[in-house]
Amino acid sequence: MSDKYWKTDVDIDISVKKLIEQYREDLVDNIPYILCIFKDKATISKGKIGIAKIRKVSIKDNVLYEHLSGGIVDFIIEIAHDIWERLDDVQKKAVMYHELEHIVIRMEDDGIKYSLRNHDVEEFASVIGEFGFYKKDLVDFFNEVDKSNAKTSIGRVKKSDSV
């Protein structure tokens, strides 16, 4: 059986715009066109549930989008509908903010260029448990979490709430 995809409701588009205005000051004057779509079921990769993922739209794909919609699409955020429906508002906001954090904007001589960046940290919990924050990226990540008072958020999550 093949996956089913459809355009999200306008409230998600509005939410994305508000998140950009609130958290991504660098994008406010040059908001990329982001198409949000639902996928019927989450993908599991390397044992992890994929709630959402962002991809940059190629020039070739934009020929099709421009023909169909009359506009250029910079990014597509694909959201697993089966998981999305189980998230509360804070979790939904966090998922979308996470995807927006992948976007990088550069001003070049020939205009604005968008690209995607990887996550700040890639590490196993067991390694941190055994050796602590042994690299600069881990220390920077820990300091950011510590100063943001994220412990309050973490404290409110029950095992049944996590996805």
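Everything below is about the structure printed above this text.
Anyway, here's the lowdown on the structure attached to this text. (Residues numbered from 1 in each chain as written. Predicted model: local features only at pLDDT ≥ 70, side-chain atom pairs only at ≥ 80, totals over all residues. Heavy atoms only, no water.)

A short note on the packing of aromatic side chains
Step number 1: Per the counting criterion, the structure on display carries five aromatic pairs.
Step number 2: Aromatic pair Phe-75 and Tyr-114: ring centres 5.8 Å apart, planes at 70°, arrangement edge-to-face. Within this pair, whereas Phe-75 is found in strand E6 (residues 75-80), its partner Tyr-114 is found in strand E8 (residues 111-116), the two being separated by 39 residues in sequence. Judged on exposure class, the residue Phe-75 and its partner Tyr-114 are both buried.
Step number 3: Here a set of aromatic residues connected by ring pairs shows up, and it is made of Trp-6, Phe-38 and Trp-84. (Phe/Tyr/Trp six-rings, centres within 6.5 Å; stacked < 30°, edge-to-face > 60°. Helix = DSSP H or I, 4+ residues; strand = E, 2+ residues; numbered from the N terminus. Buried < 20%, exposed > 50% of the residue type's maximum accessible area, 1.4 Å probe, protein only.)

A word on the pattern of salt bridges
Step number 1: According to the stated counting rule, one finds 13 salt bridges in the structure shown.
Step number 2: Among the salt bridges present, the one from Glu-21 reaches Lys-17, with a minimum N-O distance of 2.6 Å. One end of the pair is Glu-21 and the other is Lys-17, both in helix H1 (residues 10-23) and four residues apart, which spans about a single turn.
Step number 3: A relative accessible area of 43% means that Lys-17 is categorised as partly exposed.
Step number 4: The salt bridge partner of Arg-106 is Glu-108, with a shortest N-O separation of 3.0 Å.
Step number 5: Shared partners join several salt bridges into a network, and the residues in it are Arg-24, Asp-26, Glu-101, Arg-117 and Asp-120. (Salt bridge = Lys/Arg side-chain N within 4 Å of Asp/Glu carboxyl O.)

As for H1
Step number 1: Taking 1.5 Å per residue, 14 residues should reach 20 Å; H1 reaches 20 Å between its end C-alpha atoms and fits that length.
Step number 2: The inward-facing, buried residues of H1 contact strand E2 (34-39), E6, helix H3 (81-84) and helix H4 (89-100). (Expected span 1.5 Å × (residues − 1). Contact = heavy atoms within 4.5 Å.)

Topic: the pairing of strand E7 (residues 103-108)
Step number 1: With six bridges joining them, E7 and E8 adopt antiparallel strand pairing. Its bridge partner being in E8, Arg-106 is matched across the sheet by Lys-113.
Step number 2: Where E7 folds back on E8, the antiparallel hairpin that results is connected by two residues. (Pairing = 2+ DSSP bridges.)

Description of the nonpolar core
Step number 1: Grouped together as the largest cluster of nonpolar side chains are 24 residues, with contacts concentrated most on Ile-34 and Met-96.
Step number 2: For this core, the elements supplying multiple residues, two or more each, are H1, E2, strand E5 (52-56), E6, H3, H4 and E7.
Step number 3: Each residue touching Ile-34, except ones within four places of it in the same chain, is listed here: Val-16, Ile-20, Phe-75, Ile-77, Leu-100 and Ile-103.
Step number 4: Membership of the second largest hydrophobic core comes to six residues, among which are Leu-35, Ile-37, Tyr-65 and Val-73. (Core = buried A, V, L, I, M, F, W, Y, C linked by side-chain atoms within 4.5 Å.)

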